Every structure is written in C-alpha cells, then in structure tokens.
Amino acid sequence: MRLDEWQETDEYFDLLAAGNTPEMTRFLGGPEPEAKLRERHVRYAGLAGAGAGRMFGIRAGVGDTAAIVDSVDDVLPLAGSVGYWEREWLGGTVWEAGWAVLPAFQGRGLAVAAVMEMQERAAAERRHRMLHAYPKVDHPASNGVCLKTGFTRLGPADFEYPPGHRIRCNDWCFALWDD
Ligand SMILES: CC(C)(COP(=O)(O)OP(=O)(O)OC[C@H]1O[C@@H](n2cnc3c(N)ncnc32)[C@H](O)[C@@H]1OP(=O)(O)O)[C@@H](O)C(=O)NCCC(=O)NCCS
C-alpha cells in the first residue's frame with residue numbers, strides 16, 4: 001500500500017469515475033454528474049498547493065496485503081482515495097478526513113492502513129491539530145475504519161448533504177499530536 005499525491009491526470013479521474021457508482025456512493029448522496037466529478041478532480045489536485053489539505057490516491061497490488069511498500073518504482077493500480085481538507089467546526093478550523101476503497105480491494109485492511117498513513121502526513125504539516133471524520137451513523141464500514149484508526153467518537157451530528165438533504169452522522173475526532 002502506498003499513498004501518492006493526487007494528480008490531475010486521466011488515471012486519477014478514472015479512479016473517481018470508478019467510485020461513482022450507486023454502491024460506492026450509497027452513504028454519500030449517490031453518484032455525481034460528470035461535471036461535478038471533474039470539479040472534484042481539479043479541487044483534489046489543487047488542495048496541496050493552496051495549503052488547504054491534501055488528497056492521495058491509494059495504490060495497492062491486487063491480492064496485496066496492506067503492508068506499506070516503500071519503493072516508488074512499483075507500478076501499482078489505484079485502489080482508492082484518502083485525504084483531508086479544511087472545515088469550520090464549532091468555532092474553529094479543523095481537518096475533515098475522507099476515504100474510499102474500490103470494491104475489488106475492500107475488506108483486507110486497506111482503508112485502515114491508508115488512514116493511518118494519512119494521519120501521519122497530516123500531523124507532519126503541523127497546521128491543524130484536530131482531524132475529524134463524519135460517517136453516517138448507519139455506515140458500519142466507515143465507522144469501523146474510524147474505530148480501528150484511533151478516532152474518538154464525540155457523538156452524533158446533523159448535516160445537510162447534499163444540499164437540501166438532512167443526514168445524521170457521527171463526529172469522530174483524532175488529535176494529530178499531543179497538546
Ligand atoms: C469505508 C471503506 C473505505 C472501507 O474500506 P475497506 O478497505 O474495505 O476497509 P478495511 O478493510 O480497512 O476495514 C476496516 C474495518 O472496517 C470494518 N468494516 C469494513 N467493512 C465493513 C462492513 N461491510 N460491515 C461492517 N464493518 C466493516 C471492520 O471493522 C474492519 O475491520 P476488520 O478488519 O476487523 O474487519 C469502503 O467500504 C468504501 O470505500 N465505501 C464506499 C465509500 C465510502 O462510503 N467512504 C466513506 C465515507 S464516510
């Protein structure tokens with residue numbers, strides 16, 4: 001498993017398109033039209049330069065374990081995405097985290113490994129100390145990822161996402177460094 005910075009290339013757009021299915025977006029408001037997906041792609045690629053977060057592609061071999069592979073020479077397919085961006089939350093700015101792993105790669109600890117690596121990258125920035133995640137309360141896999149990567153559940157929170165649609169989420173938080 002390796003995290004690579006999001007690139008504005010077809011390979012990364014194809015990853016977004018592969019995840020834009022009813023199954024993958026069941027807890028995220030459903031598939032997006034192509035124009036929205038293009039906007040998302042450009043936004044992800046621009047986050048790091050703007051100092052407003054970072055989005056990564058998760059690379060993993062088919063049948064690979066989640067062990068971290070250091071070599072950047074391996075040509076591994078993109079299996080998912082993980083990253084963080086700024087959000088105003090309870091009067092301050094925090095990082096919000098998000099993640100997705102394509103169905104062919106799910107269920108073998110890839111999301112957990114990728115989120116732990118992402119936490120280290122976010123900590124190294126020393127920009128915002130608190131990393132939050134807001135999976136829907138009825139999303140077992142994503143709440144499972146939070147639990148296994150050291151987040152603390154603060155409680156439920158109501159959101160409007162997509163606009164006009166009220167959803168109930170869990171507010172999970174992770175301190176990137178000791179106070
Ligand atoms: C959430 C998601 C990223 C998990 O990816 P994954 O690589 O399969 O997750 P992992 O293999 O690292 O699993 C981590 C833990 O989550 C839990 N989990 C995973 N899938 C689960 C499921 N279908 N039901 C219940 N718990 C589940 C388990 O606790 C698992 O730990 P285990 O290894 O002890 O079983 C993946 O399901 C996904 O991309 N879903 C669609 C996109 C999405 O909803 N993203 C999150 C938005 S909040």
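See the structure shown above.
A brief report on the enclosed structure follows. (Residues numbered from 1 in each chain as written. Predicted model: local features only at pLDDT ≥ 70, side-chain atom pairs only at ≥ 80, totals over all residues.)

1. Observations regarding helix H3 (residues 110-125)
Consideration 1: Compared with an ideal rise of 1.5 Å per residue, which puts 16 residues at 22 Å, H3 spans 23 Å between its outermost C-alpha atoms and is within 8% of the ideal.
Consideration 2: With its phi angle positive at about 55°, Arg126 sits one or two positions after the end of H3. (Helix = DSSP H or I, 4+ residues; strand = E, 2+ residues; numbered from the N terminus. Expected span 1.5 Å × (residues − 1).)

2. Some thoughts on the site of the ligand
Consideration 1: Within the structure, the ligand sits among 21 residues, and Gln106, Ala111, Pro140, Ala141 and Gly144 are positioned closest to it.
Consideration 2: Listing elements by their share of the shell around the ligand, those giving two or more residues are strand E4 (92-101), H3 and helix H4 (140-148).
Consideration 3: Broken down by element, the shell around the ligand gets its largest block of residues, 6 residues, from H4.
Consideration 4: Considered class by class, the residues forming the shell around the ligand number 13 nonpolar, 6 polar and 2 charged. (Near = placed C-beta within 6 Å. Nonpolar A, V, L, I, M, F, W, Y, C, P; charged D, E, K, R; others polar.)

3. Notes on the nonpolar core
Consideration 1: Ile58, Val82, Trp99, Leu110, Ala114 and Met118 are the most contacted members of the largest nonpolar core, which has 37 residues in total.
Consideration 2: If you list the elements that add at least two residues to this core, you get helix H1 (10-18), strand E2 (53-59), strand E3 (78-89), E4, H3, strand E5 (130-133), H4 and strand E7 (166-175).
Consideration 3: Broken down by element, this core gets its largest block of residues, 7 residues, from H3.
Consideration 4: If near-sequence neighbours (up to four positions away) are discounted, Val82 is found in contact with Leu3, Phe56, Ile58, Trp99, Ala114, Val115 and Met118. (Core = buried A, V, L, I, M, F, W, Y, C linked by C-beta atoms within 7 Å. Buried ≥ 20, exposed ≤ 12 C-beta atoms within 10 Å, placed from the backbone. Contact = placed C-beta atoms within 7 Å.)

4. Brief notes about unusual backbone geometry
Consideration 1: Located in the positive-phi region is Leu90, a residue other than glycine, with phi close to 50°.
Consideration 2: Mapped onto the fold, Leu90 is located in the loop between E3 and E4.
Consideration 3: Backbone geometry places Arg126, a non-glycine residue, at a positive phi of 55°.
Consideration 4: Within the fold, Arg126 resides in the loop between H3 and E5.
Consideration 5: Judged by C-beta crowding, with 9 C-beta atoms within 10 Å, Arg126 ranks as exposed.

Interpretation in functional terms is not warranted from these geometric data alone.
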